[in-house]
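If you want the building blocks of each chain, they are given just below.
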Amino acid sequence: MRKSILIIEDSKAMNYVLTTVFRKDFDVFTARNYAEAFYQLRSKDMADLVIMNIPDDKSENYMFLAHLSSSSLFYDIPVVVLSDSKDSLLSNKIKALGASLFLNTPFDPVRLSEKVKELIVKTESRQFMKVTQG
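Quick notes on the rules
Residues numbered from 1 in each chain as written. Predicted model: local features only at pLDDT ≥ 70, side-chain atom pairs only at ≥ 80, totals over all residues. Heavy atoms only, no water. Helix = DSSP H or I, 4+ residues; strand = E, 2+ residues; numbered from the N terminus. Rg over C-alpha atoms; globule rule 2.2 N^0.38 Å. Buried < 20%, exposed > 50% of the residue type's maximum accessible area, 1.4 Å probe, protein only. Contact = heavy atoms within 4.5 Å. Pairing = 2+ DSSP bridges. Right-handed = clockwise from strand over helix to strand, strands pointing away. Salt bridge = Lys/Arg side-chain N within 4 Å of Asp/Glu carboxyl O. Axes fitted to C-alpha atoms, helices over the stretch in contact; angles between N-to-C directions. Parallel < 35°, antiparallel > 145°, perpendicular 65-115°, else oblique. Core = buried A, V, L, I, M, F, W, Y, C linked by side-chain atoms within 4.5 Å.

Draft legend 1. Main features of the overall build of the protein. Scanning the protein from N- to C-terminus turns up five helices and five strands. Each helix and strand of the protein, placed in order from N terminus to C terminus, yields the pattern β-α-β-α-β-α-β-α-β-α. Taken over the C-alpha trace, the protein has a radius of gyration of 14 Å; the compact-globule value for 134 residues is 14 Å, and the two agree within 12%. C-alpha extents for the protein along the principal axes are approximately 40 × 30 × 30 Å. In the protein, which comprises 134 residues, the share counted as buried stands at 40%. Considering only contacts in the protein between residues 6 or more positions apart, those separated by 24 or more positions represent 61%.

Written out as structure tokens, the structure is:
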């Protein structure tokens, strides 16, 4: 079964780039903001991975990441955060909230694709281990 990625990005250009990078290997859904993202997660059999842009710790997407991390439904979905912020404190906060990967923009699409595939494989193995142990 094909895995799915939810991209939360308000920039049409970045949305296009990310969709182009991933649509060959994944079902890609997009959302411009956290409200659309929440709707997508609830109605599309959930995503296997989320990619989101977080510019600062006051953005709605930052709050949405906090919600995902604390939700019993969504906490195990890996989240990749892209940000143009060079603030290491923001990076640390995002990782503490449970982001699986933090990348500064601009980013290397090939590296991002490799990292996303690694995260999905890791998540599948964790889920498999839960099922077999439990």
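Next, the rest of the story.
Draft legend 2. Spatial organisation of the pairing of strand β5 (residues 101–104). Direction of pairing for strand β4 (residues 79–83) relative to β5: parallel, over a ladder of four bridges. In the strand pairing of β5, Ser-83 is matched with Asn-104. Taken together, β4, helix α4 (residues 88–96) and β5 form a β-α-β motif whose crossover is right-handed.

Draft legend 3. Examining the pattern of salt bridges more closely. Applying the stated criterion across every chain, the model contains seven salt bridges. Ionic pairing is found between Arg-2 and Asp-27, a salt bridge with its closest N-O pair at 2.9 Å. Placement of Arg-2 in the segment before β1 (4–8) and of Asp-27 in strand β2 (residues 27–31) is noted, with a sequence separation of 25 residues between them. Given a relative accessible area of 32%, Asp-27 falls into the partly exposed group.

Draft legend 4. Structural detail: the packing of helix α2 (residues 34–43) against helix α3 (residues 60–70). Where α2 meets α3, the closest approach of the two axes is 10 Å, and the angle between their N-to-C directions is 30 degrees. Taken as axis vectors, α2 and α3 run roughly parallel relative to one another. Between α2 and α3, the contacting residues are Tyr-34, Ala-37, Phe-38 and Leu-41 on the first element and Glu-60, Asn-61, Phe-64, His-67 and Leu-68 on the second.

Draft legend 5. Quick look at the environment of Ser-11. By the secondary structure assignment, Ser-11 is in the loop between β1 and α1 (12–22). Along the primary structure Ser-11 and Ser-85 are separated by 74 residues, whereas in three dimensions their C-alpha atoms are 16 Å apart.

Draft legend 6. Region of the structure containing the pairing of β2. One ladder, built from five bridges, connects β1 with β2; its direction is parallel. Looking at the pairing, Ile-5 lines up with Val-28 of β2. On the question of chirality, the crossover connecting β1 to the parallel β2 by way of α1 is right-handed.

Draft legend 7. A look at the nonpolar core. Counting residues in each nonpolar core, the largest one holds 21 residues, and the members touching the most others are Leu-6, Leu-41, Met-52, Leu-65, Val-81 and Ile-94. Only β1, α2, β3 (49–53), α3, β4 and α4 provide two or more residues apiece to this core. Here this core gets four residues from one element, more than from any other, and that element is α3. Residues contacting Met-52, with those up to four places away along its chain left out, are Ile-8, Asn-61, Phe-64, Leu-65, Val-79, Val-80, Val-81 and Leu-82. Judged by nonpolar contacts, the second largest core, of 16 residues, contains Ile-7, Val-80, Leu-82 and Leu-103.

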